[in-house]
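Structural characterization, general
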Amino acid sequence: MDFVALEEIRQLKYRYLRSVDEKRWDELADTLTPDATADYGTPTYGKPLSLAGRDEIVGFMRKNLGPDIITVHLAGQPEIVVDGDAATGTWAFQDTVIATQYRTVIQGAAFYRDRYLRCSDGAWRIAHTGYQRTYEATLSLTDLPSFRLTSNRWANAAGQPTGG
């Protein structure tokens with residue numbers, strides 16, 4: 001068993017999720033192969049999303065997860081199988097999205113199904129990532145009058161979203 005590869009892949013997935021939540025688009029790009037694909041099975045956009053290529057994936061995130069969108073992604077219970085310079089992984093995950101402009105919270109869970117490649121520089125990168133929702137639920141903040149967003153890393157002192 002290649003324990004070093006297992007740990008490198010775990011750190012890769014965590015870095016991918018953190019990069020999304022911290023809106024670090026260059027770091028996110030470095031977690032993906034140039035020809036990576038992504039299938040995000042969320043009903044939020046009315047249909048599952050299929051993205052092809054690192055630029056399209058990062059571009060989608062940059063455009064749709066701006067400063068008025070707060071995200072938290074938690075993943076664990078990885079089942080990773082390494083076969084030389086390729087690997088597969090299944091991850092349980094939960095996420096919360098707070099869309100401040102729309103006063104909406106989206107919560108959900110799924111299982112990521114990933115493929116990884118060890119690239120010519122020796123680093124593992126995601127060749128494919130995707131999930132189908134176990135569940136997704138939305139809450140209107142209008143229906144929760146006691147909800148107060150007391151901190152938002154991407155808001156200025158007046159509470160308005162900044163440029164990210």
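Refer to the structure presented above.
Residues numbered from 1 in each chain as written. Predicted model: local features only at pLDDT ≥ 70, side-chain atom pairs only at ≥ 80, totals over all residues. Heavy atoms only, no water.

Concerning the packing of aromatic side chains
Keep this limit in mind: To pair, rings of Phe, Tyr and Trp, with the six-membered ring standing in for Trp, must have centres within 6.5 Å; the planes then decide the type, stacked if under 30 degrees apart, edge-to-face if over 60, and tilted in the middle. Only DSSP runs of H or I reaching four residues or more are called helices, and only runs of E reaching two or more are called strands; each is numbered from the N terminus. In this scheme, the term charge over a ring applies when either NZ of a lysine or CZ of an arginine sits within 6 Å of the ring centre and within 35 degrees of the ring normal.
Going through the model one piece at a time under the given rule, you end up with 6 aromatic pairs. Ring centres of Phe 93 and Tyr 112 lie 4.5 Å apart, and the angle between their planes is 40°; this geometry places the pair in the tilted category. Pair noted here: Phe 93 is in strand β4 (residues 86-99) and Tyr 112 is in strand β5 (residues 104-118), with a separation of 19 residues, a long-range link. Three or more aromatic residues joined by ring pairs make a cluster, and in this case those are Tyr 16, Tyr 40, Phe 93, Tyr 112 and Tyr 131. The positively charged end of Lys 13 is found above the aromatic ring belonging to Tyr 112, 3.4 Å away from the centroid.

Digging into the pattern of salt bridges
Oppositely charged side chains can pair when the atoms bearing their charge come close. Where we set the bar: The rule for a salt bridge is simple: a side-chain nitrogen of Lys or Arg has to be within 4 Å of a carboxyl oxygen of Asp or Glu. For the exposure calls, accessible area comes from a 1.4 Å probe over protein chains only, and a residue counts as buried if that area is under 20% of its type's maximum, exposed if over 50%, partly exposed in between.
Tallied over the entire structure, the rule returns 13 salt bridges. Glu 27 is the partner of Arg 18 in a salt bridge, and the nearest nitrogen-oxygen pair spans 3.0 Å. By relative accessible area, Glu 27 is classed as partly exposed at 28%. In this structure, the salt-bridge partner of Asp 85 is Arg 118, at a minimum N-O distance of 2.8 Å. Linking Asp 85 in the loop between β3 (69-83) and β4 with Arg 118 in strand β5, this pair joins segments that are 33 residues apart in sequence. Relative accessible area serves as the criterion here: at 46%, Asp 85 is assigned to the partly exposed category. Given the relative accessible area of 26%, Arg 118 is considered partly exposed. Three or more residues are tied together by salt bridges with common partners; here these are Arg 18, Glu 22, Arg 24, Glu 27 and Arg 153.

Details of the pairing of β5
Selection rule: Here, a strand pair is defined by DSSP locating no fewer than two bridges between the strands.
Note that β4 and β5 share 14 bridges and pair antiparallel. Considered in β5, the bridge of Ala 86 is made with Leu 117. Adjacent in sequence and paired antiparallel, β4 and β5 are bridged by 4 residues, among which Arg 103 carries a positive phi angle near 50°. Connecting β5 to the next strand, strand β6 (residues 124-140), in antiparallel fashion are 5 residues, including Gly 122 with a positive phi near 90°.

Re the pairing of strand β1 (residues 32-41)
Walk down a regular strand and you will see the side chains alternate between the two sheet faces. In terms of strand pairing, β1 meets β6 through 6 bridges, oriented parallel. Residue pairing for β6: Tyr 40 is matched across the bridge by Tyr 131. Summarising the sheet, β1 and strand β2 (residues 49-52) pair through 4 bridges and their orientation is antiparallel. Looking across to β2, one finds that Asp 39 is bridged to Ser 50.

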